[in-house]
Amino acid sequence: MYTWSKKETSAKEIIKSLKICDIMVTAIVMAGGKGTRMGKISEKPLKKVFGIPLIIRVLDALSDSNQISEILVATSSNTPKTAELIREIGFNVINTPGDGYVEDLQYIISKKYTNEPNEILLTITSDMPLIKGKTIDKVLLEYRNCSKPAMCIAVPLDFFLENNLKPSIVYGDSVPSGLNILRSNNKQQDEEVLMLRKIELAVNINSCEDIVVLEEVLNKNGIKI
Ligand SMILES: Nc1nc2c(ncn2[C@@H]2O[C@H](COP(=O)(O)OP(=O)(O)O)[C@@H](O)[C@H]2O)c(=O)[nH]1
Ligand SMILES: [Mg+2]
């Protein structure tokens, strides 16, 4: 079993100390996928990268951000052990049907639907091991300054090629990072695309081979995690 020892504080204490801002941001960590590309050995969010499960790295980044009021982990019947660990370390879990990323996100919105213009959802995948709180804060600042209700954070395709990374989905010359911001309502939302050349947004772990690639990227960029 993994013990969450990096932080002394419990999730409840973190949430209590959070800054109340003009917008209320709920972070939703999507962690209920089948993880087929990783093989059936274990649940992907629990896959350890340099000794720490992927999802813990994401939760650490969200906890380091000072603009998030609530953190919710969306698991499904594909990831029961992830749900167990997350509850044990004091984070809130929402059990989703496991029908697919978009379907389950819609399910969460239908549950959390408020229609309050200042209630914002920040969605993030559990498989971005390099993500940092500072980047999440930067993205939320950009969101505050943009006029659209939703924002997709993407990475230019050429940045992937420069770093020998294989993108999962490509839209023209950009690759969605797995980090999105949207209003907490069930309407179709006009979206701003924020392009950032950041390795932490480009690295996504889908297979065991991706962990090898990650090691190469870290060495090449002199990054220690
Ligand atoms: N709750 C939920 N999460 C999902 C679902 N599908 C994918 N995810 C999560 O979304 C993230 C990105 O999806 P992807 O990389 O395709 O996940 P994979 O199916 O685990 O390879 C991962 O952290 C998944 O756990 C789903 O149907 N429900
Ligand atoms: Mg992925």
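See the structure printed just above.
Note that the structure is predicted; figures quoted are calculated from it, not measured.

Participant: An account of the site of ligand 1 is requested, with residue identities and associated values reported.
Facilitator: If you check the shell around ligand 1, you find 21 residues, and the closest are Gly-32, Gly-33, Gly-35, Thr-125 and Ser-126. Split into classes, the residues belonging to the shell around ligand 1 amount to five nonpolar, 10 polar and six charged.

Participant: Can you explain the sheet that holds strand S1 (residues 24-30)? Please cite residues and give values.
Facilitator: Ordered in space as S5-S4-S1-S6-S8-S7-S9, the seven strands form an open sheet in which the pairing is mixed. Edge positions in the sheet fall to strand S5 (92-95) and strand S9 (191-195), since each has one partner strand and no second. For this sheet, the mean inter-axis angle between neighbouring strands, taken without regard to orientation, is 25°. As defined by bridge partners, strand S4 (residues 70-75) adjoins S5 across four bridges and the pair is classed as parallel. Bridge pairing in S5 links Thr-75 to Asn-95. Together, S1, S4 and strand S6 (119-125) form the strand contacts of helix H2 (residues 54-64), whose direction differs from that of S1 by roughly 175°. Each of S4 and S5 is contacted by helix H3 (residues 80-88), which is oriented at about 150° to S5, the strand it contacts most.

Participant: Please give an account of the pairing of strand S7 (residues 150-156) that cites residues and values.
Facilitator: One ladder, built from five bridges, connects S7 with S9; its direction is parallel. Within S9, the residue paired with Met-151 across the bridge is Glu-192. Where S7 and strand S8 (residues 174-183) come together, six bridges link them in antiparallel fashion. Note that in S8 the partner of Ala-154 across the bridge is Pro-176.

Participant: Before we move on, could you go through the environment of Asp-173 and cite the residues and values that matter?
Facilitator: Along the chain, Asp-173 falls in the loop between helix H6 (157-162) and S8. Take Asp-173: there are 10 C-beta atoms within 10 Å of it, and that puts it in the exposed class. For the pair Asp-173 and Ile-23, spaced 150 residues apart in the sequence, the C-alpha separation amounts to 31 Å. Not counting residues within four places of it along the chain, the set of residues in contact with Asp-173 comprises Pro-156 and Leu-157.

Participant: Can you explain H2? Please cite residues and give values.
Facilitator: Burial runs high along H2: nine of the 11 residues are buried. Those residues of H2 that sit buried are Leu-54, Ile-55, Ile-56, Arg-57, Val-58, Leu-59, Ala-61, Leu-62 and Ser-63.

Thresholds applied
- Residues numbered from 1 in each chain as written.
- Chains lettered and ligands numbered in written order.
- Predicted model: local features only at pLDDT ≥ 70, side-chain atom pairs only at ≥ 80, totals over all residues.
- Near = placed C-beta within 6 Å.
- Nonpolar A, V, L, I, M, F, W, Y, C, P; charged D, E, K, R; others polar.
- Pairing = 2+ DSSP bridges.
- Helix = DSSP H or I, 4+ residues; strand = E, 2+ residues; numbered from the N terminus.
- Axes fitted to C-alpha atoms, helices over the stretch in contact; angles between N-to-C directions.
- Contact = placed C-beta atoms within 7 Å.
- Buried ≥ 20, exposed ≤ 12 C-beta atoms within 10 Å, placed from the backbone.

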